[in-house]
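Structural overview for review
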Amino acid sequence: MESRKICILGDFAVGKTSLVQRFVNNQFSDKYLTTLGVKVDTKQVALDHGRALKLAIWDVAGTDAPTQLFLRYARGAAGYLLVADRTRPETLDACVTLHDAVAAAVRPLPYVFLGNKSDLRDQCRLQPALARTRLPDALDWLETSALTGEGVELAFRRLAAGMLNDP
Ligand code: G3D
Ligand code: MG
């Protein structure tokens, strides 16, 4: 089976580790510690037309700033998930910075934007339309929740399909 390395990028505490955990283990935990270093999980995704892809998902701590370490992780990735916290609109700024850093360091890779913590309905102040405006080249802009699972599977599937179509 074909495999691809992907990264999950975004500001501190937007829910990166929770989203990967939800996707890989189908569970949400508020107990684990903030990620130290990097964690790599793998999971197969079944796609249309009988195709499948094995994802190696790199969850890197401290990916809020495009440091040299971050750039080393991003190299070799075929795509990424870019996560904002919908209760903190300013986390979209970090997404734009990271997006531009990947494009400069590697090349413009396929990515999906996730507006996470959508379960916190009353507190959501970041609307998807703004992300579309500021990140117009994303494969998709999704409302997600690592807590309920909303949109999580879809985000990984969209990215997997997009990477297969990427030359
Ligand atoms: P990070 O890996 O991007 O740094 P984490 O973020 O996955 O560690 O999540 C940071 C905090 O946000 C955690 O809470 C986690 O439980 C919470 N969180 C993550 N995703 C969601 C979500 O979709 N909905 C809600 N309601 N909370 C979420 P703590 O309290 O441990 O800091
Ligand atoms: Mg983390």
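What comes next concerns the included structure. Everything numeric here is computed off the predicted structure, so don't read it as measured data. (Residues numbered from 1 in each chain as written. Chains lettered and ligands numbered in written order. Predicted model: local features only at pLDDT ≥ 70, side-chain atom pairs only at ≥ 80, totals over all residues. Heavy atoms only, no water.)

Neighbouring residues of ligand 1: 16 residues in total, closest Ala 13, Lys 16, Ser 18, Asp 119 and Ala 146. The separation between an oxygen atom of ligand 1 and a polar main-chain atom of Ala 13 is 2.9 Å. At 3.5 Å, a side-chain N or O of Ser 145 approaches an oxygen atom of ligand 1. For the shell around ligand 1, the element with the most residues is helix H1 (residues 16-25), which contributes three residues. (Near = heavy atom within 4 Å. Polar contact = N/O pair within 3.5 Å; in protein donor to acceptor, adjacent residues only side chain to side chain. Helix = DSSP H or I, 4+ residues; strand = E, 2+ residues; numbered from the N terminus.)

All right, on to the packing of aromatic side chains then. Any pair of aromatic rings gets described here by the distance separating the centres and the angle formed by the planes. Throughout the structure, instances matching the rule amount to two aromatic pairs. Aromatic side chains Tyr 80 and Tyr 111 sit 5.0 Å apart centroid to centroid with 10 degrees between the ring planes, which places their arrangement in the stacked category. Here Tyr 80 is found in strand E4 (residues 79-85), whereas its partner Tyr 111 is found in strand E5 (residues 111-116), with 31 residues between them in sequence. What makes Tyr 111 buried here is its relative accessible area of 1%. Sitting over the face of the ring of Trp 58, Lys 5 holds its NZ or CZ atom 3.6 Å from the ring centroid. (Phe/Tyr/Trp six-rings, centres within 6.5 Å; stacked < 30°, edge-to-face > 60°. Buried < 20%, exposed > 50% of the residue type's maximum accessible area, 1.4 Å probe, protein only. Lys NZ or Arg CZ within 6 Å of the ring centre and 35° of its normal.)

Positive phi values are uncommon outside glycine, yet His 49 reaches one of about 60 degrees. When you line up the elements, His 49 lands in the loop between strand E2 (38-46) and strand E3 (52-60). Here His 49 falls in the exposed class, since its relative accessible area comes to 75%. At Lys 117, a residue that is not glycine, the phi angle is positive and equals roughly 70 degrees. Mapping Lys 117 onto the fold places it in the loop between E5 and helix H4 (128-134). Since its relative accessible area comes to 24%, Lys 117 is described here as partly exposed.

The next subject is the environment of Val 96. Here Val 96 is to be found in helix H3 (residues 91-105). According to the relative accessible area criterion, Val 96 is buried, its value standing at 15%. Each C-alpha atom of the pair Val 96 and Leu 82 lies 9.0 Å from the other, and the pair is 14 residues apart in sequence. In contact with Val 96, not counting residues within four places along its chain, are Arg 134 and Leu 135. (Contact = heavy atoms within 4.5 Å.)

So, about the pairing of E4. Within E4, seven of the seven residues are buried, which leaves it mostly tucked inside the rest of the structure. Burial along E4 is two-sided: Gly 79, Leu 81, Val 83 and Asp 85 facing one way and Tyr 80, Leu 82 and Ala 84 facing the other are all buried. Pairing of strand E1 (residues 3-10) with E4 involves five bridges; the strand directions are parallel. Pairing of Cys 7 across the sheet is with Tyr 80, part of E4. (Pairing = 2+ DSSP bridges.)

Turning next to the nonpolar core. With 25 residues, the main nonpolar core has Leu 55, Leu 81 and Phe 156 as its most contacted residues. For this core, the secondary structure elements donating two or more residues are E1, H1, E3, E4, E5 and helix H5 (152-164). Of all the elements, H5 adds the most residues to this core, at seven residues. Setting aside anything within four residues of it in sequence, one finds Leu 81 in contact with Cys 7, Ile 8, Leu 9, Val 112, Leu 114, Ala 155, Phe 156 and Leu 159. (Core = buried A, V, L, I, M, F, W, Y, C linked by side-chain atoms within 4.5 Å.)

Let's shift gears to the sheet that holds E1. Taken together, the six strands give an open sheet; going across it, the order is E2-E3-E1-E4-E5-E6, and neighbouring strands pair in mixed fashion. Every other strand in the sheet has two partners, leaving E2 and strand E6 (141-143) as the edge strands with one partner each. Each strand axis lies, on average, 25 degrees off the axis of its neighbour in the sheet, ignoring direction. Summarising the sheet, E5 and E6 pair through three bridges and their orientation is parallel. Looking at E6, one finds that Phe 113 is bridged to Trp 141. (Axes fitted to C-alpha atoms, helices over the stretch in contact; angles between N-to-C directions.)

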